[in-house]
Each structure stands twice: as structure tokens, then as C-alpha cells.
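Below are the chains, spelled out letter by letter.
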Amino acid sequence: MAGSIAGEGAAVAGGRRGGPLIVTEDVELLDDLLRLCAAAGAEPEVHHGPPGRRGGWERAPMVLVGDDAAARCRGAGRRKGVMLVGRDQDDPDVWRRAVEIGAEYVLRLPDSESWLVDQIANAAEGVGRPAFTVGVMGGRGGSGASTLACALAMSAARSGRRTMLIDGDPLGGGIDVLLGGERAEGMRWPDFAQSKGRLGGGALEDSLPALHGLRVLSWGRDDEVVVPPQAMRAVLAAARRLGGVVVVDLPRRVDEGVAEALAQLDLGLLVVPGELRAVAAAKRVAAAAGMVLDDLRVVPRGPYASGLDGRWVARAIGLPLVGELPVESGLLVSQDDGTPPGGSARGPLARFCSAFWEQVAAAGDTSPVTGPPGGGAA
């Protein structure tokens, strides 16, 4: 049971912080709360009564007050994030005590354990606005989806956004190769394949290779590893809790794992070469992705077959047009020299991506872009 008294919980924006303050003399309750803190990856501060003004009452991201300690906390300063915790499901006075100490929630264990673990982890990580999450798919093979995903992540990182690039295509060859980081130290998808439940966002970020100012989750060089849907869900949820930007490179097929990724996107981009066969293939991809993703948009790519242009491609597929992906000559040569897609801020691909993020920022980082960035093909 978790009953709300005073509104929303106390998830506070910012960087990772310490664990909760626990106030109790109940040894059994303390053991339970310490166990839940350990499950959330947080290190609590424990007191038998509210600490002094210079102590952790105001400073802690959240305060867990045991039923036994409520009377001792009556004089503590009012603040957000106070929760009254106990075991007695039928205590008639629990709500009175909660009001007296300004508690936002009344929690009864063990019923509220799973919910409380999430709240402790969120508070310790300083969860604020979730990351704006963009998925990129190709209308057909070789459409340039991985190139665009990489360039979008590079552009976001260059603008100062906290950025994570996630490779969701096990048959794509590894997006870390595009960034020149196939030998970089850090964890890959095989290390997360058995993940279930909740992953710490900070732990995920720290474990991944850092390349060109962003964190990258890619595939290993060994045999293909199947990532179960629950692992995809856990990883993407952890990445989103960090805030900033998450870019996901997705395959054209929609299996259970890809469906989990699509469900967490704010916006999907479908890269479609300007050819009739590519448009026909892209319509099938769009139909499958559209069963899960509410907002899917088209990024056409030239050169175009006779009589076709970007607006025709978008109309034929029946999806909104984001903008035409520019052609950037010498892209492969630049990669051989160590410059990833979008790595040159003056190139047409980087300009396209910068315009995209400017429109996302103008929409408040929660709404999709509303018009074509970059002025069409270069």
C-alpha cells in the first residue's frame, strides 16, 4: 500500500546524490530499509532521531521515517520527500502521524517494497526530466540509418547535451565502429543480456565506452547475442532517467526487443532512399513500427529517381516529413581518417542534425520537431 498525502514524490533534478536519510530505532524495520537501499544501489544515512540543522534532514534526497520515530520528528523542518514507513496494515493513527511530520507518502512493508526501491534509486540518482529519445530506422538496407543515428548523437554531444548512443541492431556490425571505438574499453550488449528489473542510470553510463563526448552501447565482436525484451526495457529505462538525449539505432524488423525500444521513443525517424522499391519497403517497415510507436516521421535521402522528391516520398509512405537528409561527399574518406559521421561541425550532415536539435529544444525537449531542418538536400 502506498497512499499519497501531499502530491508528487520527491524526485529532484540534478546529478547523482547520496542515499536517503533513515530515522528509526526499530531494528527489524532498519534491516528491511537497509536491504531496500542496497537493492537500489544507494548508501543511506541512519539516525535514531532527526539530525540537527546542519545534518541530513534538509540535505538528503528523501527521508524515510519509521513509525516508531514519528513522534521524535514532529519538530523537524517541513520539506518534500518525507515518507512514513511501517508494517502494521491496520494502524488507525498512521495518517495522523504522517500529517504531523509532513509526510508525502505512507508506506506499509512488504507491500510497498518494489515501489520504494524505485523511489530510493530515483532520489539517489537525482532523476529529473527523462532524456529525449530518438530512434532511427532504415526503410531498406543501406539507407543510412546508422550514419544518421551517429551524426545525431555527435551533434547533441557537441551542443553540450548529455548523450547516449544505443545500437539496437545486432546485425549492423556495431555502431562503435562508425565512431572508431571498436577497441575502446567498456561494456557491450552481451554484458547486459541477462539484465532484469531496474538498472542504475549512473552505473550504466559509467560502464560504457566514452567516445567523442558521448557514451555508446554497442555489440561485441563475438557471436550474435540475443537481448531479451526485459533487458532492452531495463537498459533504455536507465538511459532515459539520466536526462539529456538518447539516440537508438534500430533494425528494420520489429521483434519483441525492438518493440520494447519503440515503446520508449519520443520520436522515430525513418530514413528512406528516393527510389520506388525503397519506398515500397519503407511502407512495410512503417506499418510494423507504427503498431507500437505513435510518432514516426520520414527523412528522405537522395539522389532521387526521376519524378521523385522528398515530399513525394513522405506522401507515398503516409508519414510527416522531417527534412531531407543531405548528401555529404567524402564521408567514407573522413571515417577512414577518424572522423565519424557528423564529426565535422561544418559539414551538411552536421548542419542538418544541429537544425534538428534546435527545433527539439524550441519545442521544450518533450515534443517532436515540427518542420524540415536544414533546408532540404545539400
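See the structure shown above.
Note that the structure is a prediction, hence the values are computed from the model and not measured.

Q: In this structure, what is going on with the sheet that holds strand 9 (residues 210-211)? I would like to understand it.
A: Think of a sheet as strands paired side by side through backbone hydrogen bonds, with each pair either parallel or antiparallel. In space, the seven strands of this open sheet follow the order 9-10-8-11-7-12-13, with mixed pairing throughout. Edge strands, defined here as strands with exactly one partner in the open sheet, are strand 9 and strand 13 (296-301).

Q: Explanation requested: helix 13 (residues 348-362) in the structure shown.
A: Residue pairs spaced three or four apart in an α-helix point in one direction, given the helix's 3.6 residues per turn. Compared with the 21 Å implied by 1.5 Å per residue over 15 residues, the 21 Å span of helix 13 between its first and last C-alpha is a close match. What helix 13 keeps buried is the set Pro348, Leu349, Ala350, Phe352, Cys353, Ala355, Phe356, Trp357 and Val360. Packed against the buried residues of helix 13 are strand 7 (132-138), helix 5 (145-158), strand 11 (245-249), strand 12 (267-273) and strand 13.

Q: I'm lost on the pattern of salt bridges in this one. Help?
A: Side-chain pairs of opposite charge can arise where the charged atoms are in close proximity. The final tally for this structure, using the stated rule, is 19 salt bridges. Here Asp68 ties to Arg72 by a salt bridge, and the two come within 3.4 Å at their closest N and O atoms. By relative accessible area, which is 32% here, Asp68 ends up partly exposed. One salt-bridge network, in which partners are shared between bridges, spans Asp26, Asp32, Arg35, Arg87 and Glu113.

Q: Help me understand the nonpolar core, please; the structure alone is not making it clear to me.
A: Among soluble globular proteins, nonpolar side chains are generally buried collectively. Grouped together as the largest cluster of nonpolar side chains are 42 residues, with contacts concentrated most on Ile166, Trp189 and Val272. With seven residues, the single largest contributor to this core is helix 8 (residues 229-241). Setting aside its immediate chain neighbours within four residues, Ile166 contacts Trp189, Leu217, Val235, Leu236, Ala239, Val246, Val247, Val248 and Asp249.

Q: Help me understand helix 9 (residues 256-263), please; the structure alone is not making it clear to me.
A: Those residues of helix 9 lying buried are Gly257, Val258, Glu260, Ala261 and Leu262. Where the residues of helix 9 are buried, they touch strand 7, helix 8 and helix 10 (276-289). If you check the start of helix 9, you find a side-chain oxygen 3.2 Å away from the backbone N of Gly257, and it comes from Asp255.

Q: Honestly, the pairing of strand 11 in this entry has me stumped. Any pointers?
A: Counting buried positions over the five residues of strand 11 gives five, a clear majority of the element. Neither face of strand 11 is open: one carries Val245, Val247 and Asp249, the other Val246 and Val248, and all of them are buried. The pairing of strand 7 with strand 11 spans five bridges and is parallel. Along strand 11, the bridge assignment pairs Gly135 with Val248.

Q: Sorry if this is basic, but what is going on with the environment of Val235 here?
A: Mapped onto the fold, Val235 is located in helix 8. Along the backbone, Val235 and Ser195 are 40 residues apart, and their C-alpha atoms lie at a distance of 7.9 Å. Beyond its immediate sequence surroundings of up to four residues, Val235 is in contact with Ile166, Trp189, Phe192, Leu199, Leu204 and Leu217.

Q: Help me out: how do you make sense of the packing of aromatic side chains in this one?
A: Within a pair of aromatic rings, the relevant descriptors are the distance that separates the centres and the angle that separates the planes. Throughout the structure, instances matching the rule amount to four aromatic pairs. When the ring of Tyr105 is compared with that of Trp115, the centres are 5.0 Å apart and the planes differ by 50 degrees; the resulting orientation is tilted. In this pair, Tyr105 sits in strand 6 (residues 105-108) while Trp115 sits in helix 4 (residues 113-125), placing the two residues 10 residues apart along the sequence. Classification of Tyr105 as buried rests on a relative accessible area of 11%. Considering the side-chain rings of Phe132 and Trp357, the 6.4 Å spacing of their centres and the 85 degrees angle between planes classify their relative orientation as edge-to-face. Within this pair, whereas Phe132 is found in strand 7, its partner Trp357 is found in helix 13, the two being separated by 225 residues in sequence. Taking the relative accessible area as the measure of exposure, Trp357 reaches 2% and is therefore buried. Aromatic rings pair up to connect Phe132, Phe356 and Trp357 into one cluster.

Reading guide: rules and limits
Residues numbered from 1 in each chain as written. Predicted model: local features only at pLDDT ≥ 70, side-chain atom pairs only at ≥ 80, totals over all residues. Heavy atoms only, no water. Pairing = 2+ DSSP bridges. Helix = DSSP H or I, 4+ residues; strand = E, 2+ residues; numbered from the N terminus. Expected span 1.5 Å × (residues − 1). Buried < 20%, exposed > 50% of the residue type's maximum accessible area, 1.4 Å probe, protein only. Contact = heavy atoms within 4.5 Å. Salt bridge = Lys/Arg side-chain N within 4 Å of Asp/Glu carboxyl O. Core = buried A, V, L, I, M, F, W, Y, C linked by side-chain atoms within 4.5 Å. Polar contact = N/O pair within 3.5 Å; in protein donor to acceptor, adjacent residues only side chain to side chain. Phe/Tyr/Trp six-rings, centres within 6.5 Å; stacked < 30°, edge-to-face > 60°.

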